[in-house]
Amino acid sequence: MERTFFIIASLFGALSVAFGAFGAHALRGRIEESLLANYQTGVSYMFYHALALLAVAWALSRWPASSLSVWAGWLFVVGIVIFSGSLFVMAFTGLRWLGAITPIGGVAFIAGWLLLALAAWRG
């Protein structure tokens, strides 16, 4: 499982850099500033949680019997898809109601961090 999370983390890390560059160069001046700020927030949180997935991979190598780390990893993946994804779609479409979905991803991030802490505690 640690290899799976390491690969997913690497892919999200690469996407973060690509999306960040795209936002900085291709979107600036093409979408309104508030939507660009939302887009950049999505990029930032994707990158932070790509790093968190590397921590999950490490935790799984350290405490392989803990299913809490696996759950934490999947919550980070879900959080990236929902939190960052909703912000990306909102930036491209202007559909601001998608902002109501974004906190669901934030809750997944928080739960993932708490489970990762619990996995270490029980480790």
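Values in this document were obtained by computation on a predicted structure and should not be read as measured data.

Asker: Before we move on, can you summarise helix α4 (residues 102–122) with the specific residues and values?
Answerer: Here α4 contains 21 residues, and its C-alpha end-to-end distance of 31 Å stays within 8% of the 30 Å for a straight helix at 1.5 Å per residue. Along α4, the residues that are buried comprise T102, G105, G106, A108, F109, G112, L116 and A119. In an axial view of α4, the angular spread of the buried residues amounts to 160°, which keeps them on one side of the axis. Across α4 from its buried face, at more than 90 degrees, point the exposed residues I104, V107, I110, L114, W121 and R122. Tucked into the core, α4 has its buried residues touching α2 (33–62) and α3 (67–93).

Asker: I'd like a description of the packing of aromatic side chains, backed by residues and values.
Answerer: This structure, assessed with the given rule, holds eleven aromatic pairs. Here the aromatic rings of Y45 and F83 are separated by 4.8 Å at their centres, their planes lie at 40°, and the arrangement is tilted. Pair noted here: Y45 is in helix α2 and F83 is in helix α3, with a separation of 38 residues, a long-range link. Among the aromatic residues, ring-to-ring pairing joins F19, F22, Y39, F88 and F92 into one connected group.

Asker: Can you lay out a nonpolar patch on the surface for me, pointing to particular residues and giving the numbers?
Answerer: Together, F6, V17, Y45, F47, Y48, L51 and L54 line one region of the surface with nonpolar side chains, adding up to about 650 Å² of accessible area. Mapped onto the nonpolar patch, the elements with two or more residues apiece are α1 (2–27) and α2. Along the polypeptide, L51 turns up in helix α2.

Parameters at a glance
Residues numbered from 1 in each chain as written. Predicted model: local features only at pLDDT ≥ 70, side-chain atom pairs only at ≥ 80, totals over all residues. Heavy atoms only, no water. Helix = DSSP H or I, 4+ residues; strand = E, 2+ residues; numbered from the N terminus. Expected span 1.5 Å × (residues − 1). Buried < 20%, exposed > 50% of the residue type's maximum accessible area, 1.4 Å probe, protein only. Arc of directions from axis to C-beta. Contact = heavy atoms within 4.5 Å. Phe/Tyr/Trp six-rings, centres within 6.5 Å; stacked < 30°, edge-to-face > 60°. Patch = residues over 30% accessible without salt bridge, like charges linked within 9 Å, V, L, I, M, F, W, Y side chains within 5 Å. Areas by Shrake-Rupley, 256 points an atom, 1.4 Å probe, with all protein chains shown as cover. Salt bridge = Lys/Arg side-chain N within 4 Å of Asp/Glu carboxyl O.

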